[in-house]
Amino acid sequence: MKKITAVLMVTAMLSSALAGCAGAGKQTEVTVAAAKEGKDLSAMVWQGTVEALSSVDIIPVASGKVTQILAKEGDHVEAGAPLFQIDNQDASLQLEQAKASCQAAQASYDSAQKANQLNTVVKPAQITFTTASDNFNRIKVLYASGDVSQADYEAAKAQVDVAQVQLQAAQNSQTTTSEVTKAQLESARAALNIAQKRYDDCMVSSPIKGLVTKINVEAGQTVSPQIKAATVIDDSGKKVEIKVADMDIDQVKTGTEVQVNLQTLGENLKGSISDISAVSDSSTGMFLVTVSLGEESTNSAIGLMADIRLSDNKEENSVYIPAKSVQSDDSGSYVYKAADNSAVKVPVTLGKKKNAYIEVTQGLSTGDLVVLQSSKPLTDGEKISILTVK
């Protein structure tokens, strides 16, 4: 009996020891990352092509033969400056004809207006109606006293009725003539405007102030609205359009300074964010961002690839950790820091993002290990086993 009791006690002690060993082996396994200084992170870089502020392809409205080239590639021109002339002989004749028609319509309208002022059409009919009315009133009195016959009374009344109809017709005629001549004048003026535009369209001009980069026509060549005849760019400034992912768009703001590197020329330029699209492209999820270059940029930069980097005015010892290591609850943002084989919950104050990293302005120091991944949810002070340090 004593032997059995001893065996049971030894078995119990071994079981307890083994249970203790098993418990020690159940520490939560984690992957950690070291907090780094900002200078250790690669800067956010986007690429784009240097462009003029705007570029206009000039397509003639008129069709015809080019009679004269008035500008050449490389010329700086003002808005409205002539580039080339299209044969305008037919347009000139049509313009003169339209001018003559407009002058004739103006004369008719002026005559009708003068007639209205002098009442030349209505006035005779008005006199006739007044005379007939006065005569009828006299006859009516005599008819009432029996001094004139009924036939004379009815004849006088008929004269008034006829005179009244004639007066109304004269008034309508005068109004109609005025309206017709006015409509004819407006039509003639419209025809003149059309003829003037056709004539003006024969002179092809630059719609903007800028640099002529292409003249694609020659004297003697026939052009039409299907031909891109010239190109003028607004070279008063330069821009670069870049596409920024939605996860990084909060890093750029209108007015933010950027560094622009032109590797082909070996130049570094200054720029700033001038425009950010309000919505992302539905097919790519990218936002279109426009960078305006500084005044030191040259025309030779147009068409070159440019590397765009955000200017970083922060001190280089800013602390950054992987953004996905940060958690939050009702108390704010926090991370689990690995210390003495334990996960310690540490509140942090966050700054700006840089790629997949985020700045920590309070709570951590360079070199601190933060939990990046764990085999199960952690609690403050929980024992951990570090598998990998990134």
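As shown above, the structure is provided for reference.
These numbers were taken from a predicted model, which means no experiment stands behind them.

Student: Now, about the overall build of the protein chain: what can you tell me, with residues and values included?
Tutor: Of the regular secondary structure elements, the protein chain holds four helices and 22 strands. Considering the protein chain as a whole, with its 390 residues, one finds that 34% of them fall into the buried category. Carbon and sulfur atoms make up 52% of the accessible area of the protein chain, which totals about 23,100 Å².

Student: Kindly report on the pairing of strand E22 (residues 382-389), identifying the contributing residues and their values.
Tutor: Side-chain direction in a regular strand flips from residue to residue, so the side chains alternate between the two faces of the sheet. Bridge count for strand E1 (residues 28-34) against E22 is five bridges, and the pairing is parallel. Counterpart to Val-32 in the pairing with E22 is Val-389.

Student: So what's going on with the side chain of Glu-359? Which residues, and what values?
Tutor: Structurally, Glu-359 is set in strand E20 (residues 357-362). At 3.2 Å, the side chain of Glu-359 and the side chain of Ser-318 are in polar contact.

Student: Explain the sheet that holds strand E4 (residues 64-69) to me, using residue names and the numbers behind them.
Tutor: The strand order E7-E6-E4-E9 describes an open sheet built from four strands, whose pairing is antiparallel. Each edge of the open sheet is held by one strand with a lone partner, namely strand E7 (203-205) and strand E9 (222-223).

Student: Which residues make up helix H2 (residues 89-118), and what are the values?
Tutor: An α-helical turn contains 3.6 residues, so a residue and the one three or four places further along point in the same direction. Compared with an ideal rise of 1.5 Å per residue, which puts 30 residues at 44 Å, H2 spans 44 Å between its outermost C-alpha atoms and is within 8% of the ideal. Listing the buried residues of H2 in full gives Ala-91, Leu-95, Ala-98, Cys-102, Ala-105, Tyr-109, Ala-112 and Ala-115. Buried residues along H2 sit against helix H4 (150-200).

Student: Tell me about the side chain of Ser-342, residues and numbers included.
Tutor: Tracing the backbone through its elements, the reader meets Ser-342 in strand E18 (residues 342-347). Within the local environment of Ser-342, its side chain forms a polar contact with the side chain of Lys-383, the two groups lying 3.4 Å apart. When near neighbours in sequence (up to four residues on either side) are disregarded, Ser-342 contacts Lys-337, Gly-381, Glu-382, Lys-383 and Ile-384.

Student: I'd like to hear about the packing of aromatic side chains, residue by residue, with values.
Tutor: Between two aromatic rings, the relevant description is the distance of the centres plus the angle of the planes. Inspection of every chain in the model, using the stated rule, returns three aromatic pairs. When the centroid spacing of 5.3 Å and the interplanar angle of 45° are considered together, the rings of Phe-136 and Tyr-153 count as tilted. In this pair, Phe-136 sits in helix H3 (residues 122-144) while Tyr-153 sits in helix H4, placing the two residues 17 residues apart along the sequence. Taking 5.7 Å as the distance between ring centres and 90° as the angle between the ring planes, the aromatic pair formed by Tyr-334 and Tyr-336 counts as edge-to-face. Taken together, the ring pairs in this structure connect Phe-136, Tyr-143 and Tyr-153 into an aromatic cluster. Above the face of the Tyr-334 ring, Lys-345 is positioned so that its terminal group lies 4.4 Å from the ring centre.

Definitions and cut-offs
- Residues numbered from 1 in each chain as written.
- Predicted model: local features only at pLDDT ≥ 70, side-chain atom pairs only at ≥ 80, totals over all residues.
- Heavy atoms only, no water.
- Helix = DSSP H or I, 4+ residues; strand = E, 2+ residues; numbered from the N terminus.
- Buried < 20%, exposed > 50% of the residue type's maximum accessible area, 1.4 Å probe, protein only.
- Areas by Shrake-Rupley, 256 points an atom, 1.4 Å probe, with all protein chains shown as cover.
- Pairing = 2+ DSSP bridges.
- Polar contact = N/O pair within 3.5 Å; in protein donor to acceptor, adjacent residues only side chain to side chain.
- Expected span 1.5 Å × (residues − 1).
- Contact = heavy atoms within 4.5 Å.
- Phe/Tyr/Trp six-rings, centres within 6.5 Å; stacked < 30°, edge-to-face > 60°.
- Lys NZ or Arg CZ within 6 Å of the ring centre and 35° of its normal.

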